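# Per-entry structural report
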Amino acid sequence: MNTRTLYEIVVNQLIHYYILEGDLLESEEDNEIISLISSGNDQLLKDLIVLRTNRWKYHLIIGEYTTGLFSDLERKLNEETAFRLIRISMQIVLEQSDSDLITTSLSLLMDLVRTSNTTEIPEGLIEGLSILDNMKLEIDDKEYIKSIRNWYRI
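Note that the structure is predicted; figures quoted are calculated from it, not measured.

### Some thoughts on the nonpolar core
With 34 residues, the main nonpolar core has I37 and L45 as its most contacted residues. For this core, the elements supplying multiple residues, two or more each, are helix 2 (28–38), helix 3 (44–56), helix 5 (79–95), helix 6 (99–116), helix 7 (125–133) and helix 8 (139–152). Residues contacting L45, with those up to four places away along its chain left out, are I37, L73, L85, I88, S89, I92, L108 and L112.

### Some details on helix 6
A rise of 1.5 Å per residue sets the reference length of helix 6, with its 18 residues, at 26 Å; its end C-alpha atoms lie 26 Å apart and thus fit the reference within 8%. The buried count for helix 6 comes to 15 of 18 residues, which makes it a mostly enclosed element. The N-cap residue of helix 6 is D98: its side-chain oxygen and the backbone nitrogen of D100 are 2.9 Å apart. A positive backbone phi angle near 55° is found at N117, which sits one or two residues after helix 6.

### Here we look at a nonpolar patch on the surface
A contiguous nonpolar patch, built from I121, I126 and I154 and spanning about 210 Å² of accessible area, is present on the exposed surface. For I154, the location among the structural elements is in the segment after helix 8. Owing to a relative accessible area of 35%, I154 belongs among the partly exposed residues under this scheme.

Thresholds, definitions, all that
Residues numbered from 1 in each chain as written. Predicted model: local features only at pLDDT ≥ 70, side-chain atom pairs only at ≥ 80, totals over all residues. Heavy atoms only, no water. Core = buried A, V, L, I, M, F, W, Y, C linked by side-chain atoms within 4.5 Å. Buried < 20%, exposed > 50% of the residue type's maximum accessible area, 1.4 Å probe, protein only. Helix = DSSP H or I, 4+ residues; strand = E, 2+ residues; numbered from the N terminus. Contact = heavy atoms within 4.5 Å. Expected span 1.5 Å × (residues − 1). Polar contact = N/O pair within 3.5 Å; in protein donor to acceptor, adjacent residues only side chain to side chain. Patch = residues over 30% accessible without salt bridge, like charges linked within 9 Å, V, L, I, M, F, W, Y side chains within 5 Å. Areas by Shrake-Rupley, 256 points an atom, 1.4 Å probe, with all protein chains shown as cover. Salt bridge = Lys/Arg side-chain N within 4 Å of Asp/Glu carboxyl O.

Set out below in structure tokens:
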């Protein structure tokens, strides 16, 4: 028996369509920011999150599609850059107060962890995870944290 609401079904179909078509993820402004992030301007990662969540905040963070928000960034980063961005990504997660933005930020963090392709523990990660462990979080958020801990075996 399918317990999803009609809203969830429609939104998931729209998300799937737009992510496959690239319409939501490939704006010129986003591409410019991603290029600058890749070139070493780590602070622009915050700007990218703000841009995307202001446009799509409550439309693209449902279920398994959350990670699609940053798939274009993930594709354009090399392993070293992704590793370097984990620290700032953790800071972004810790700055959030809205539960949907926490989930979105954790999704980005997990994408960066996978893209970095290393089990070397980045600066500030353990401290950030300890802070998150003491916060009241959604079940999905706890799963992201568990996955990150499993990745690094901590």
